[in-house]
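# Survey of secondary and tertiary structure
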Amino acid sequence: MSSIRLDSTKQYYATSSLVVGYALCSSLLAVINKFAITKFNYPGLLTALQYLTSALGVWVLGKLGFLHHDPFTIETAKKFLPAAIVFYLAIFTNTNLLRHANVDTFIVFRSLTPLLVALADTTFRKQPCPSKLTFMSLVIILGGAVGYVATDSAFTLTAYSWAFAYLVTITTEMVYIKHMVTNLGLNTWGFVLYNNLLSLMMAPVFWFLTGEYVDVFAALGANSGNWFDLVPFLAVSLSCVFGLAISFFGFAARKAISATAFTVTGVVNKFLTVAINVFIWDKHASPFGLLCLLFTLAGGILYQQSVTGAGSAPLQRESIASKQTDSENDGDDFGDENQGKGMPGKLASV
């Protein structure tokens, strides 16, 4: 009896550690990325270093036996390439958005994705129209976002151009890419490896297309003999380490707790991000802008309740039954579309 109680206690602390680790990584990552791009103003090179850290970290941890990932093959890489391109664009626009706007603006636009995903699902994937509660939550999200944009004193055309570009790419990834990638049968860590390794290979192309390589070489020439700066080094290192850490904690926590608990943790993380961002520096929205942001997050909470509550149970059962039928007929295991997509923390948290 005592051994059972001891095992239960160990399980409790192990699960709590995973949830706390995920909460800390998720709530801090956007602020850390903002700090990193502020101190190291080369978004293409910064994301390349993040890809390198994540890909190398998965490979090393796989060799050490801490995780299992699918082997990298050219055939699978060719099929995965379209997903990697959209993923790269989502990360690229995300980093440039944080470069030109504050964290609050990023969270507002990230919170708008359920609205666009719902519209895209209904229009292109012929899904049922949202329920009244879901529709009301989407209107609340939209209202909060409009109020935030209308009162944003830091509004610039450049920042909001990157915001809309990010919104388009992340919505595309959510609606289309995750379904295509699921057909490849990769496990989550295989997904992380392919995502980051292929993105790392694409990075030099974007360096030349954006002209960032000119700025990098100019900075190296101007600081010849004194290339090491402690603050940017620590900022970039934290960004890379947290990007890999949230992949581990995110996947582990998702397995250890229920989907509802994981969703609630994600919502709490957004509020923690806002609080941390307000307290550590002055790069945040006005008081009314923060109120609109909280209004948007409240709409997000209502949205989660509407799609996971009892009212959606018949639809969920129908979806599961449909997937089981498809699997039996086609011989493919598509899995649950609500499972993690294998994104590294850079995108998963955002």
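So, here's what we can say about the structure. Per chain, the residues get numbers from 1 upward, laid out in the order the sequence is written. For a predicted model such as this one, the threshold for reporting local features is a pLDDT of at least 70, and the threshold for listing and counting side-chain atom pairs is 80 or more; totals across whole chains, interfaces and linings nevertheless cover every residue. The side-chain values count all of the structure's non-hydrogen atoms but skip hydrogen atoms and water molecules.

## Concerning the overall build of the protein
Helix and strand counts for the protein stand at 14 helices and 0 strands. When the helices and strands of the protein are read in sequence order from the N terminus, they spell out α-α-α-α-α-α-α-α-α-α-α-α-α-α. Here the contacts in the protein between residues at least 6 apart in sequence split such that 88% fall between residues at least 24 apart. The Shrake-Rupley method, run with a 1.4 Å probe, gives the accessible areas here. Residue values count only the displayed protein chains as cover. Carbon and sulfur atoms provide 68% of the accessible area of the protein, an area that totals close to 18100 Å². Only DSSP runs of H or I with at least four residues qualify as helices, and only runs of E with at least two residues qualify as strands; both kinds are numbered from the N terminus onward. What makes two residues a contact is simply this: any of their non-hydrogen atoms within 4.5 Å.

## Details of the nonpolar core
As used here, the term nonpolar core means buried Ala, Val, Leu, Ile, Met, Phe, Trp, Tyr and Cys residues forming a set that is joined through side-chain atoms within 4.5 Å. Only protein chains enter the calculation, and the probe is 1.4 Å; a residue is then buried if its accessible area is under 20% of its type maximum, exposed if over 50%, and partly exposed in between. Judged by nonpolar contacts, the single largest core of 39 residues is most densely connected at Phe 106, Ile 107, Leu 112 and Leu 293. Elements supplying a minimum of two residues to this core: helix H1 (2–39), helix H3 (74–100), helix H4 (103–111), helix H5 (113–124), helix H6 (132–150), helix H7 (157–182), helix H10 (230–256) and helix H12 (287–308). At 8 residues, the largest contribution of residues to this core is made by H7. For Leu 293, the contacting residues outside a window of four places in its chain are Asp 104, Ile 107, Val 108 and Val 274. Among the nonpolar cores identified, the runner-up in size contains 17 residues, and Ala 48, Ile 91, Leu 186 and Met 202 belong to it.

## Focus: a nonpolar patch on the surface
A patch consists of residues whose relative accessible area exceeds 30% and which take part in no salt bridge; residues with like charges are grouped when within 9 Å of each other, and nonpolar side chains (Val, Leu, Ile, Met, Phe, Trp, Tyr) when within 5 Å. We count a salt bridge whenever a side-chain nitrogen from Lys or Arg sits within 4 Å of a carboxyl oxygen from Asp or Glu. A surface patch of nonpolar side chains, about 680 Å² in accessible area, is lined by Leu 49, Leu 52, Leu 56, Trp 59, Val 60, Leu 64 and Phe 66. As for its position among the elements, Leu 56 is in helix H2 (residues 43–63). By relative accessible area, which is 46% here, Leu 56 ends up partly exposed.

## Points about the packing of H4 against H6
In this description, a line fitted to the C-alpha atoms serves as the axis of each element, helices being fitted only across the stretch in contact, and the angle between N-to-C directions of two axes falls anywhere from 0 to 180 degrees. One can describe the packing of H4 onto H6 by two numbers: an axis separation of 9 Å at closest approach and a directional angle of 150°. Between H4 and H6, the angle is such that the two are roughly antiparallel. H6 is crossed by H4, and the crossing has left-handed handedness. Between H4 and H6, the contacting residues are Asp 104, Thr 105, Val 108, Phe 109 and Ser 111 on the first element and Ile 141, Ala 145, Tyr 148 and Val 149 on the second. Of the residues in the contact of H4 with H6, the class split is 6 nonpolar, 2 polar and 1 charged. Orientation labels follow simple angle bins: below 35 degrees gives roughly parallel, above 145 gives roughly antiparallel, 65 to 115 gives roughly perpendicular, and whatever is left gives oblique. Crossings are sorted by hand: turned counterclockwise from the far helix by less than a right angle, the near helix makes the crossing left-handed, and turned clockwise it makes it right-handed. Amino acid classes used here: Ala, Val, Leu, Ile, Met, Phe, Trp, Tyr, Cys and Pro are nonpolar; Asp, Glu, Lys and Arg are charged; the rest, including Gly, are polar.

## Here's the deal with the packing of aromatic side chains
Note on aromatic contacts: the rings of Phe and Tyr and the six-membered ring of Trp form a pair at centre separations within 6.5 Å, being stacked when their planes are under 30 degrees apart, edge-to-face when over 60 apart, and tilted otherwise. Under the criterion given, the structure shown has 14 aromatic pairs. Aromatic side chains Tyr 51 and Phe 87 sit 6.1 Å apart centroid to centroid with 50° between the ring planes, which places their arrangement in the tilted category. Placement of Tyr 51 in helix H2 and of Phe 87 in helix H3 is noted, with a sequence separation of 36 residues between them. Like Tyr 51, the residue Phe 87 is buried in the burial classification.

## A few points about the packing of H2 against H3
It is at 10 Å that the axes of H2 and H3 come closest, and there the two elements cross at 125°. Here H2 lies oblique to H3, going by the angle between them. In this structure, H2 meets H3 at a crossing whose hand is right-handed. Contacts between H2 and H3 involve Pro 43, Leu 46, Thr 47 and Tyr 51 from the former and Phe 87, Tyr 88, Ile 91, Thr 95, Asn 96 and Arg 99 from the latter. Of the residues belonging to the contact of H2 with H3, the class tally is 6 nonpolar, 3 polar and 1 charged.

## Considerations on helix H8 (residues 188–210)
Multiply 1.5 Å by the residue count of a helix minus one, and that product is the helix's expected span. With 23 residues, H8 extends 31 Å from end C-alpha to end C-alpha; this agrees with the ideal 33 Å at 1.5 Å per step. The quantity called bend is, for any residue, the angle between two axes fitted respectively to the seven residues ending at it and the seven beginning at it. Of all bends in H8, the biggest is about 35°, found at Met 202, and the proline Pro 204 comes one to four residues later. Note on H8: the residue one or two positions beyond its end, Gly 211, has a positive phi of about 75°.

## Considering the environment of Tyr 213
Along the chain, Tyr 213 falls in helix H9 (residues 212–222). The residues touching Tyr 213, leaving out its near neighbours within four places in the chain, are Trp 207 and Phe 208.

## Considering H6
Helix length check: H6 (19 residues) gives 27 Å between terminal C-alpha atoms against 27 Å at 1.5 Å per residue, within 8%. Three or more residues of H6 are buried, namely Thr 134, Ser 137, Leu 138, Ile 141, Gly 144, Ala 145, Gly 147 and Tyr 148.

## A few points about the side chain of Asn 196
By the secondary structure assignment, Asn 196 is in helix H8. As used in this structure description, the phrase polar contact means that two N or O atoms lie within 3.5 Å; if the pair is within protein, one of them must be able to donate a hydrogen and the other to accept it, and residues adjacent in sequence are counted only when both atoms belong to side chains. Within polar-contact distance, the side chain of Asn 196 engages the backbone oxygen of Val 192 at 2.7 Å.

## Notes on the environment of Ala 118
Following the sequence through the fold, Ala 118 ends up in helix H5. Given a relative accessible area of 13%, Ala 118 falls into the buried group. Residues Ala 118 and Val 175, spaced 57 residues apart in sequence, show a C-alpha to C-alpha distance of 9.0 Å. Discounting chain neighbours no more than four positions away, the residues touching Ala 118 are Pro 130 and Leu 138.

Nothing here speaks to function; it is all geometry.
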